[in-house]
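Structural characterization, general
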Amino acid sequence: MNAPRPDLPTVTVCRGCCCGTTKKRPGVDHAARLDSLRALLGDRATLRVTDCLGPCERSDVVVVSPSPTARRSGARPVWLGRLNGRHESSAIADWVHAGGPGVAELPESLRRATFRPTSTAVQV
C-alpha cells in the first residue's frame, strides 16, 4: 500500500474475501485489471489495495477519495460497486486525471456503479 501523496485523489481497490477473486467472479482477470488501473492512474493518484471493505454483495468495490484540498472544500469519497466490466478502469483513471471527486463530474459510465455504504462498511 502506498502512502497518500499530497493533494492527490486516492483510489482504494478492495481485494478481500469477494472482490478480486475468481470464486465470486470467475472469468475475470482481477490481477490484470488491477495492473491496468495502476498503469492508467500513473502518478495522478495514490493507489491502495486493501482487504475487505464490507459491501461484498457489490463486488468488485473501488472507493475514489478526493484530494485533501477537494475534501476541505466538501468533497467526499465516491463508492463504486459491481465493477466487473472492461472499461471501468479507464473511466476511473480519466475521472481522476480530471481531478476526481469534488473537482470533476463523475463520468456517465460510472454513475450506475455508485452506492452509499452501510454503516458496517469500512470508511475510507
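My aim in this report is to walk through the structure given alongside it, one point at a time. Remember, it's a predicted structure, so these values are computed and weren't measured experimentally. (Residues numbered from 1 in each chain as written. Predicted model: local features only at pLDDT ≥ 70, side-chain atom pairs only at ≥ 80, totals over all residues. Heavy atoms only, no water.)

1. Regarding the packing of helix H1 (residues 30-41) against helix H3 (residues 88-97)
Rule in force here: Lines fitted to the C-alpha atoms define the axes, with helices restricted to the stretch that makes contact. Angles between their N-to-C directions range from 0 to 180 degrees. Secondary structure elements are defined from DSSP: runs of H or I of at least 4 residues count as helices, runs of E of at least 2 residues count as strands, and each element is numbered from the N terminus. Should an angle fall under 35 degrees it is taken as roughly parallel, and over 145 as roughly antiparallel, whereas 65 to 115 is taken as roughly perpendicular and any remaining angle as oblique. Take the far helix as your reference; a near helix turned counterclockwise from it by less than a right angle gives a left-handed crossing, and one turned clockwise gives a right-handed crossing. We call two residues in contact when some of their heavy atoms are within 4.5 Å. Under the scheme applied, nonpolar residues are Ala, Val, Leu, Ile, Met, Phe, Trp, Tyr, Cys and Pro; charged residues are Asp, Glu, Lys and Arg; polar residues are all the others, including Gly.
Relative orientation of the contacting elements H1 and H3 amounts to 25 degrees, with a least axis distance of 9 Å. Between H1 and H3, the crossing angle belongs to the class labelled roughly parallel. With respect to the hand of their crossing, H1 and H3 are arranged in right-handed fashion. Of H3, the residues touching H1 (which contributes Arg33, Ser36, Leu37, Leu40 and Leu41) are Ser89, Ser90, Ile92, Ala93, Val96 and His97. Residues that form the contact of H1 with H3 fall into these classes: 6 nonpolar, 4 polar and 1 charged.

2. Topic: the pairing of strand E3 (residues 62-65)
Side-chain direction in a regular strand flips from residue to residue, so the side chains alternate between the two faces of the sheet. The cut-off we apply is this: Per-residue accessibility, obtained with a 1.4 Å probe over protein chains only, is compared with the maximum for each type, and a residue is labelled buried under 20%, exposed over 50%, and partly exposed between these values. In this description, strands pair whenever DSSP reports at least two bridges between them.
Of the two faces of E3, the one carrying Val62 and Val64 and the one carrying Val63 and Ser65 are both buried. Here strand E1 (residues 10-14) runs beside E3; their pairing, made up of 4 bridges, is antiparallel. In the strand pairing of E3, threonine 12 is matched with valine 63. Here E3 pairs with strand E4 (residues 78-80) via 3 bridges, running antiparallel. Bridge pairing in E4 places valine 63 opposite tryptophan 79.

3. Considering the packing of aromatic side chains
We apply this condition: Any Phe, Tyr or Trp ring, taking Trp's six-membered ring, that has another such ring centre within 6.5 Å forms a pair; planes under 30 degrees apart are called stacked, those over 60 apart edge-to-face, and the others tilted.
Summed over the entire model, instances satisfying the criterion amount to 1 aromatic pair. Summarising the aromatic geometry, the rings of tryptophan 79 and phenylalanine 115 are spaced 5.8 Å apart at their centres and angled 70 degrees between planes, so their arrangement reads as edge-to-face. Taken as a pair, tryptophan 79 in strand E4 and phenylalanine 115 in strand E5 (residues 114-115) lie far apart in primary sequence, 36 residues in all. The exposure class of tryptophan 79 is buried, given its relative accessible area of 5%.

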